[in-house]
Amino acid sequence: HRPETFRDETFRGDFSYANSPGNIRHFPFPFHEDHYRYSVNIEPHVPGLPGSAFEHLIDVDEHYLAEMADRAQVLAEDPLRYQALPHMMLAQWDTLELLMEEQARAYPHLFTLERNGDQWRWINRPLGIDDTFTFGDPSTLPREPLDYICRQTQGDIALMDQREGNLWMDAGMITAQADWSLDFDVGMNFHEWHAPVPLAPQMGVFDRALKYLLNLQVGKPVRRLNWTMTINPRLDTSPETYPKWGPDRTTVTPENVGQKVHLRVELQSLWRLPRSNGMLFVIRGYMMRMDEVVTVPKWGRRLPRVLESLPPELAEYKGLSRYRQTTIDWLKRHDDGAPTSPGI
Ligand code: HEM
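Analysis parameters
- Residues numbered from 1 in each chain as written.
- Predicted model: local features only at pLDDT ≥ 70, side-chain atom pairs only at ≥ 80, totals over all residues.
- Heavy atoms only, no water.
- Helix = DSSP H or I, 4+ residues; strand = E, 2+ residues; numbered from the N terminus.
- Buried < 20%, exposed > 50% of the residue type's maximum accessible area, 1.4 Å probe, protein only.
- Contact = heavy atoms within 4.5 Å.
- Pairing = 2+ DSSP bridges.
- Axes fitted to C-alpha atoms, helices over the stretch in contact; angles between N-to-C directions.
- 1 Å grid on protein atoms, 1.4 Å probe; cavity = no way out; pocket = protein on both sides within 12 Å on 5 of 7 lines; lining within 4 Å.
- Points joined across faces, edges and corners; volume = space filled by probe spheres on them.
- Nonpolar A, V, L, I, M, F, W, Y, C, P; charged D, E, K, R; others polar.
- Polar contact = N/O pair within 3.5 Å; in protein donor to acceptor, adjacent residues only side chain to side chain.

What follows covers the environment of E77. Tracing the backbone through its elements, the reader meets E77 in helix 2 (residues 64-77). Take E77: its relative accessible area is 52%, and that puts it in the exposed class. Taking the C-alpha atoms as reference points, E77 and L270, 193 residues apart in sequence, are found 29 Å from one another. Beyond its immediate chain neighbours, meaning those up to four positions away, E77 contacts R12 and K244.

To continue, consider the sheet that holds strand 4 (residues 119-124). Hydrogen bonds between backbone groups are what pair the strands of a sheet, and the pairing can be parallel or antiparallel. Sheet architecture is open: three strands sit in the order 3-4-5, paired in antiparallel fashion. Edge positions in the sheet fall to strand 3 (111-116) and strand 5 (129-134), since each of these pairs with one other strand and no more. Strand-to-strand twist across the sheet, computed as the mean angle between neighbouring axes with direction ignored, equals 10 degrees. Pairing of strand 3 with strand 4 involves six bridges; the strand directions are antiparallel. Within the sheet, the bridge partner assigned to R115 lies in strand 4 and is W120. The sheet strands contacting helix 3 (residues 89-106) are strand 3, strand 4 and strand 5, and the helix crosses strand 3 at an angle near 125 degrees.

Counted as a void, the largest pocket has a volume near 1100 Å³. Looking at the lining of the largest pocket, the elements that each hand over two or more residues are strand 6 (156-163), strand 7 (166-173), helix 5 (182-185), helix 6 (190-193), helix 7 (205-214), strand 8 (222-231), strand 9 (261-272) and strand 10 (279-289). It is strand 8 that provides the largest number of residues to the lining of the largest pocket, a total of seven residues. Looking at the lining of the largest pocket residue by residue, the class counts come to 30 nonpolar, ten polar and ten charged. Lining the second largest pocket are 31 residues, with F29, P30, H32, L225 and I344 positioned closest to its centre. Secondary-structure elements contributing two or more residues to the lining of the second largest pocket are helix 1 (21-26), strand 8 and helix 11 (297-309). It is strand 8 that contributes the most residues to the lining of the second largest pocket, five residues altogether.

Overall, antiparallel pairing links the seven strands, which are arranged 1-8-9-10-6-7-2 in an open sheet. With one partner strand each, in any of the chains shown, strand 1 (43-44) and strand 2 (82-84) form the two edges of the open sheet. In the sheet, strand 2 pairs with strand 7 via three bridges, with the strands oriented antiparallel. Along strand 7, the bridge assignment pairs A84 with A171.

We now examine the pairing of strand 9. As a general feature of sheets, a regular strand has side chains that alternate between the two faces. Strand 9 sits mainly inside the fold: twelve of its twelve residues count as buried. Taking every second residue as pointing to the same face, both faces of strand 9 are buried, with V261, L263, V265, L267, S269 and W271 on one and H262, R264, E266, Q268, L270 and R272 on the other. By the bridge criterion, ten bridges tie strand 8 to strand 9 in an arrangement that is antiparallel. Residue pairing across strands places L225 opposite L267, the latter belonging to strand 9. By the bridge criterion, eleven bridges tie strand 9 to strand 10 in an arrangement that is antiparallel. Bridge pairing in strand 10 places S269 opposite V282. Hairpin remark: strand 9 followed by strand 10, antiparallel, with six residues in the connecting loop; positive phi at N277, about 60 degrees.

Relative to the assigned elements, R302 resides in helix 11. Separated by 2.9 Å, the side chains of R302 and D34 make a polar contact. Not counting the four nearest positions on each side in its chain, R302 is found in contact with F29, F31, H32, E33, D34, T340, S341, P342 and G343.

Shown next as structure tokens:
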């Protein structure tokens, strides 16, 4: 999968975002059976099928430039979407190294990293960047290392410090979030920032997940998929901007489901950082409108069944309640009742 061209599109205003046919096949459809419950769905983050979102560990696709432009606009309007506590500087450098190396290795036609001792040169062709800097010296970069590299990487990023047997969200750049706020969560630990999630705590999901993560090893990243739905292809659905997008949920009608309702999937990867012993959490988001979902018949069959299976607390937490039934009814026209096989 070699993105050569990038779509000229928007995630606000006229919402011109769409997926090319090739990118529909690239989409990480998250349901391997006809119902959904929370679980500790963590697996090794290893390269997957060519053309899939899993082919490269840090995925770059046709939306790269448009996503970077949307991110820059969010940051210009609200600088607090980027935050880093002072003790996270080493973890920032770890992250810059990891994201540069992964992207340059996977997409040499787009990115080049030249390392000569601590003198590094980074070339980002899509964004027209060619910078030389001293690794470890923040004064040689135009911005803090994390700020610098996150503006050139698809997906939101949270950086955790590990101490006292817990993970602490002590830095990040969050501009494409499903209704949570870095400014609110910064400095919190694993259980604190997960407090709004229903059902999962009682199932022991968070206790087990944290225990697993505390033992994560360098060079052995893991991943999980999470999902929700969004009305219009809007990346920035934050609590801070709720008045701009919350009311969109009331605009879904049987006629516009195909265009307006989007499945939003997060391919989350977790990486132990070598120098700081911190942890990098990449939340790589993908959106696909219902018209696009049903171009893959097995997805069109499965999604309404999954939506019907959701416990009410989960549907409410994900913000689906107002348009869930309208969407199921629309999708059911594409469900011929055939049994689906296990797997994606
Ligand atoms: C939701 C962060 C790891 C399971 C969330 C939320 C945040 C978050 C900010 C939204 C909470 C809200 O509503 O305000 C993180 C970070 C992680 C991490 C930074 C990395 C250390 C995990 C892991 C699991 C997990 C390993 C494994 C089970 C969940 C679930 C939800 C959630 C089930 C609810 C999602 C939904 O229904 O849409 N997480 N999380 N998280 N997290 Fe995590």
